[in-house]
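# An overview of the molecular structure
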Amino acid sequence: MFFGKKSTNNGGSNPTNLNKVLLTLTIILGVTLGFTFILILGTNKSLINLQPPKQATIFYDGEGKEFTRMYIENRIEVPLQKIPVNLKKAIVNVEDNRFYEHSGIDIKAIFRAIWVDIRGRGYIEGASTITQQLARNVLLTQKRSMTRKVQEAFLAISIERNYTKEEILERYLNQICFGHGAYGVEAASRLYFGKTVTELEVHQIALLVGLPKSPTGYSPYFNPNAALQRRRIVLDLMAKYGTISLEEAAFYNKKPLDVIPLSAARRRAAYFVDYVAKCLKGTISEEALSIGGYQIYTTIDPLVQEAAEEAANTLSGGNANSQGIIQPQLAIVAVDPRTGYIKAMIGGRNYANTQLNRATDAHRQPGSAMKPFVYTAAIDSRQFTPSTIMVDEEVKYQTPQGEYAPKNYDKIFRGPISLRYALENSINIIAIKLVESLGPSKVFEYAKKMGLRNLVVSGNASDLNFSSLALGGLTNGVTPLELTGAYTPLANKGIYVEPVAVLQVKDADGNVIYDDRPHKQVAIPEATAYLVTDMLRGVIMRGTGRAAMINRPAAGKTGTSSDYTNAWFVGYTPDLLATVWIGNDSQRLPIVLNGATIGSSQAAAIWGTFMRKALEPVPPSDFIAPPGIVSGIEVCTESGELASGFCPETKFETYLAGTEPTIPCHIHQNGTDTGAGIGAGAANPANPDANLNKPGDSASPSPSANQNSPGKKMVLVKICSKSHLLATPYCPAEDVTTEAFPEGQEPTQPCNVHKAP
């Protein structure tokens with residue numbers, strides 16, 4: 001009867017019966033060998049070593065809150081004592097109600113399953129205990145076969161000989177899959193209910209306990225009705241074995257599924273996470289990051305990161321290159337200039353399309369974003385001031401490669417202009433003349449002190465030349481992160497702060513294995529940083545960076561490399577410093593988007609979009625003048641000297657103490673224009689600085705220069721950058737900015753440029 005009906009085939013044995021006999025003999029042989037094997041295993045625990053399960057590494061933001069994970073199996077290990085009693089009992093009720101009675105296998109269940117499998121000529125029914133399931137998950141494969149079933153039974157017996165029931169249950173509850181990439185009860189609890197396992201209610205426990213049987217089939221997201229039916233079965237079993245009462249089972253069976261929305265599997269801040277992994281390369285291997293259960297405390301601010309992602313998405317259009325990567329690309333880096341904490345990082349337009357982190361790994365030419373280093377060296381030398389007049393004119397230099405005749409970006413020469421105007425409008429000739437006057441080595445020294453680490457000092461491709469230092473044609477180029485760091489002395493009172501992404505790392509046991517804090521050093525005097533910042537504010541208010549205007553005090557610099565191959569804007573407020581870069585991965589190609597060549601104004605516009613959103617919750621603050629600053633000095637716009645009563649156009653300027661002009665204008669004397677030249681050229685009647693003050697306004701300081709006088713109370717006023725008067729509802733948003741004035745010196749008249757239609 002064991003093998004079915006007797007064969008009526010007189011010609012030989014029934015093949016079906018023969019197969020059954022062979023299968024039975026195979027099982028008997030396997031059992032015999034297995035018992036021999038188990039005797040060996042039972043005497044040596046190292047042969048049954050349950051390795052720690054793979055755990056997810058958790059990344060925390062600057063506030064200590066989890067913002068993303070890295071894993072092969074999304075698992076957070078939790079000790080048995082922290083798992084609710086009802087959950088422990090429920091898993092035993094459902095998966096193995098004799099767990100505390102057997103020694104690893106349930107003999108009755110196994111022989112019943114073998115009989116069913118023999119009759120069905122294959123693997124049909126299982127009777128795995130919790131220990132057998134653990135053996136299969138940790139030491140074997142999920143392939144269904146009779147051989148694996150025998151192996152798993154013997155391994156279960158050996159596990160029971162070497163581990164306590166509590167150790168086995170703890171490992172099981174941290175090991176099993178609950179669907180949607182969640183392994184272990186803690187990860188499952190957070191995935192489905194958004195809370196830790198200690199906070200689960202009975203109906204939520206029942207839902208989780210029912211999932212391991214078929215995580216996809218009983219998924220509350222894919223099959224909610226099946227999930228409810230499976231939960232009811234679990235509640236009934238919990239009541240049957242006394243874990244809860246029948247009344248409780250009926251009560252919790254009426255509860256809704258209660259699951260939170262299924263979050264996308266996309267890794268948040270993917271480029272930043274990659275950079276963190278790179279920073280930790282000497283401490284944690286890439287493989288260990290995905291399985292080691294580390295806790296990584298970073299500097300990222302999710303709100304600032306979100307603002308960066310939204311701003312990056314405003315760059316739309318483009319075409320894919322031969323590798324299928326959309327062009328042009330983009331990078332954004334934002335740091336707190338006081339601490340160096342990286343608050344946001346975008347390394348490309350779409351991480352799924354390209355994983356190259358252009359924020360940290362793409363070295364590109366900074367163009368005119370290099371000029372603030374030149375002006376910093378010039379101002380700090382005390383040989384030059386914001387009102388120093390230099391002549392914008394054609395110049396030629398002899399080099400080993402031949403004659404070098406630099407041009408301005410618009411091919412126009414403006415004659416005598418002030419340094420403030422030259423920086424605001426990114427005049428190449430003036431920057432080159434400053435490098436020539438100071439000496440390339442002096443500018444090189446300042447750039448290195450301020451944070452540029454990849455400058456080349458020797459060889460045929462040295463950066464000790466006019467083009468590299470004045471116009472940003474560097475040998476190795478800079479990364480957006482490096483350039484951002486090099487602007488921190490300007491935004492942070494002269495102190496360089498190295499950008500940092502990781503503050504602390506703990507291993508799975510909570511031991512601190514990595515600890516870092518900001519690295520700071522004084523790079524330039526605080527007064528110099530303030531005055532250059534004061535000059536860079538005009539870049540946004542009147543110069544090449546007008547597209548970056550935001551409704552608060554800000555300073556910055558545009559940068560476009562030759563042939564429009566790189567577009568930059570680096571800007572900052574006292575609270576946040578950020579860089580936007582746009583360019584093609586091929587450095588030879590100009591930036592063309594939707595049929596038009598674009599430059600730094602596009603980068604400035606994206607910067608403005610980002611900063612407005614990122615700083616939304618932060619009250620506006622101003623750059624405070626330190627000791628050593630003298631402001632409110634009225635000078636002639638043509639000579640840069642002290643204004644006389646005969647100067648037709650004047651402005652108010654700010655200086656390092658001791659560098660302010662002391663002699664009256666030599667051009668306008670006794671009401672006449674002497675026509676005396678400035679430098680190598682005559683005074684230009686079309687001097688653009690003459691337009692900085694409107695007629696009739698010369699008696700009050702122009703908001704073009706920061707008027708923070710030491711000891712005076714400052715007031716913030718919204719003004720129109722076109723008229724320099726009080727902003728009205730008719731002024732376009734892009735022309736409205738917030739400026740600080742000494743109390744009593746702020747504009748009082750409404751804008752006379754933008755009027756009601």
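Described in the following lines is the structure provided in the data block. Predicted model only: the values in this text are computed from it and were never measured. (Residues numbered from 1 in each chain as written. Predicted model: local features only at pLDDT ≥ 70, side-chain atom pairs only at ≥ 80, totals over all residues. Heavy atoms only, no water.)

## Some details on the overall build of the protein chain
What counts, and what does not: Each helix corresponds to a stretch of at least 4 residues labelled H or I by DSSP, and each strand to a stretch of at least 2 residues labelled E; elements are numbered beginning at the N terminus. A 1.4 Å probe rolled over the protein chains alone gives each residue an accessible area, and that area as a share of the maximum for its type sets the label: buried under 20%, exposed over 50%, partly exposed in between. In this description, contact between two residues means that some pair of their heavy atoms is separated by no more than 4.5 Å. We get accessible surface area from the Shrake-Rupley algorithm with a probe of 1.4 Å; when it comes to residues, only the shown protein chains can shield them.
Broken down by element type, the protein chain carries 23 helices and 29 strands. Going through the 757 residues of the protein chain one by one, you find that 54% of them count as buried. Residue pairs at least 24 apart in sequence account for 68% of intrachain contacts in the protein chain once pairs closer than 6 positions are excluded. Working note: accessible area of the protein chain is about 33100 Å², and carbon and sulfur atoms make up 52% of it.

## As for helix 17 (residues 428-438)
It helps to recall that an α-helix has 3.6 residues per turn; residues three or four apart then point in one direction. Within helix 17, nine of the 11 residues are buried, which leaves it mostly tucked inside the rest of the structure. Residues Asn 428, Ile 429, Ile 430, Ala 431, Ile 432, Lys 433, Leu 434, Val 435 and Leu 438 constitute the buried set of helix 17. Looking one or two residues beyond helix 17, the residue adopting positive phi is Gly 439, at roughly 100°.

## Topic: helix 8 (residues 202-210)
Counting buried residues along helix 8, nine of its nine residues qualify, which places the element largely inside the surrounding structure. Of the residues making up helix 8, those classed as buried are Val 202, His 203, Gln 204, Ile 205, Ala 206, Leu 207, Leu 208, Val 209 and Gly 210. Summarising the contacts, the buried residues of helix 8 are in contact with helix 2 (85-95), strand 4 (177-179), helix 7 (185-193), helix 9 (224-240) and helix 10 (246-253).

## Things to note about the sheet that holds strand 21 (residues 577-583)
Stated precisely, the cut-off is as follows: At least two DSSP bridges between two strands are required for those strands to pair. Here an angle of 0 to 180 degrees is reported between the N-to-C directions of two axes, which are lines fitted to C-alpha atoms, with helices fitted over the stretch in contact.
On the basis of which strands lie adjacent, the open sheet formed by five strands has the order 10-9-21-20-19 and antiparallel pairing. Every other strand in the sheet has two partners, leaving strand 10 (342-346) and strand 19 (555-560) as the edge strands with one partner each. Neighbour-to-neighbour, the strand axes of this sheet turn through a mean angle of 5°, independent of strand direction. On top of the sheet, helix 13 (residues 302-312) reaches strand 9 (329-335) and strand 10; it is set at about 25° to strand 10, its chief contact.

## Some words on the pattern of salt bridges
Using the following cut-off: Between Lys or Arg on one side and Asp or Glu on the other, a salt bridge is scored when a side-chain nitrogen of the former is within 4 Å of a carboxyl oxygen of the latter.
Applying the stated criterion across every chain, the model contains 22 salt bridges. Between Arg 358 and Asp 585 there is a salt bridge whose closest N-O contact spans 2.8 Å. Taken together, the residues span a long stretch of sequence, with Arg 358 in helix 14 (residues 358-361) and Asp 585 in the loop between strand 21 and strand 22 (592-593) at a distance of 227 residues. Using a relative accessible area of 27% as the deciding quantity, one classes Asp 585 as partly exposed.

## Some points on the sheet that holds strand 1 (residues 57-60)
Strands pair in a sheet through their backbones, by hydrogen bonds, and they do so in one of two ways: parallel or antiparallel. Strand order across the open sheet formed by five strands is 2-1-6-16-17, with mixed pairing between neighbours. The open sheet has two edge strands, strand 2 (66-70) and strand 17 (512-515), and neither has a second partner. Neighbour-to-neighbour, the strand axes of the sheet open up by a mean angle of 15°, direction not taken into account. In the packing of helix 11 (residues 270-279) onto the sheet, the strands contacted are strand 1, strand 2, strand 6 (295-298) and strand 16 (502-506), and the crossing angle to strand 2 comes to about 65°.

## Digging into the state of the cysteines
Note the following rule: We call a pair of cysteine sulfur atoms a disulfide whenever their separation is within 2.5 Å.
Overall, the coordinates contain zero disulfides when judged by the stated rule. Looking at the unpaired Cys 636, the closest cysteine sulfur is the one in Cys 647, lying at 3.8 Å. No disulfide involves Cys 665; its nearest neighbouring cysteine sulfur is the one of Cys 647, lying 3.8 Å away. In this structure Cys 665 comes out as buried when scored by relative accessible area, which is 3%.

## Here's the deal with the environment of Asp 274
Test applied: Two N or O atoms count as a polar contact when they lie within 3.5 Å, although within protein this holds only if one can serve as hydrogen donor and the other as acceptor, and sequence-adjacent residues are included solely when both atoms are side-chain atoms.
For Asp 274, the position within the fold is in helix 11. Asp 274 sits in the partly exposed class, given a relative accessible area of 26%. Look past the residues within four positions of Asp 274 in its chain and what remains in contact with it is Arg 267, Tyr 351 and Gln 355. One polar contact links Asp 274 to Tyr 351, side chain to side chain, over a distance of 2.7 Å.

## Quick word on the side chain of Glu 638
Where we set the bar: None of His or the chain ends enter the tally, which takes Lys and Arg as positive and Asp and Glu as negative.
Checked against the element boundaries, Glu 638 lands in the loop between strand 24 (629-636) and strand 25 (650-656). Although Glu 638 is buried, it forms no salt bridge, and the closest oppositely charged side chain is Lys 651 at an N-O distance of 12 Å. Among the polar contacts listed, one links the side chain of Glu 638 to the side chain of His 668, at a separation of 3.4 Å.

## Examining the packing of helix 2 against helix 9
A pair of packed helices is captured by two measures, namely the crossing angle of their axes and the spacing between those axes. Here is the rule we go by: Oblique is the label for any angle not under 35 degrees, not over 145, and not in the 65 to 115 range, which are roughly parallel, roughly antiparallel and roughly perpendicular in turn. Three classes are used, and their members are as follows: Ala, Val, Leu, Ile, Met, Phe, Trp, Tyr, Cys and Pro are nonpolar, Asp, Glu, Lys and Arg are charged, and the others, Gly among them, are polar.
Where helix 2 contacts helix 9, the axes come no closer than 9 Å and their chain directions differ by 100°. Relative to helix 9, the element helix 2 is oriented roughly perpendicular. Between helix 2 and helix 9, the contacting residues are Asn 86, Ala 90, Asn 93, Val 94 and Glu 95 on the first element and Arg 230, Val 234, Leu 237 and Met 238 on the second. A breakdown of the residues in the contact of helix 2 with helix 9 according to their chemical character gives five nonpolar, two polar and two charged.

## With respect to the packing of aromatic side chains
Test applied: Any Phe, Tyr or Trp ring, taking Trp's six-membered ring, that has another such ring centre within 6.5 Å forms a pair; planes under 30 degrees apart are called stacked, those over 60 apart edge-to-face, and the others tilted. Two conditions define a charge sitting above a ring: the NZ of Lys or the CZ of Arg must be within 6 Å of the ring centre, and it must be within 35 degrees of the ring normal.
Inspection of every chain in the model, using the stated rule, returns 12 aromatic pairs. Pairing Tyr 397 with Phe 466 gives two aromatic rings, centres 4.9 Å apart and planes at 70°, and the pair type is edge-to-face. Taken together, the residues span a long stretch of sequence, with Tyr 397 in strand 12 (residues 397-399) and Phe 466 in helix 19 (residues 466-471) at a distance of 69 residues. An aromatic cluster of three or more residues is present, and its members are Phe 59, Phe 67 and Phe 272. Above the face of the Phe 99 ring, Lys 165 is positioned so that its terminal group lies 4.4 Å from the ring centre. A cation sits over an aromatic face here: Lys 449 above Tyr 446, 4.5 Å from the ring centre.

## Concerning the environment of Ala 239
Mapped onto the fold, Ala 239 is located in helix 9. Taking the C-alpha atoms as reference, Ala 239 lies 9.3 Å from Asn 93; in sequence the two are 146 residues apart. Look past the residues within four positions of Ala 239 in its chain and what remains in contact with it is Ile 244, Ser 245, Leu 246 and Ala 249.

## Digging into the side chain of Arg 414
With respect to the helices and strands, the residue Arg 414 is situated in the loop between strand 13 (402-404) and strand 14 (415-418). Here Arg 414 falls in the buried class, since its relative accessible area comes to 14%. Among the polar contacts listed, one links the side chain of Arg 414 to the backbone oxygen of Ile 412, at a separation of 3.3 Å.

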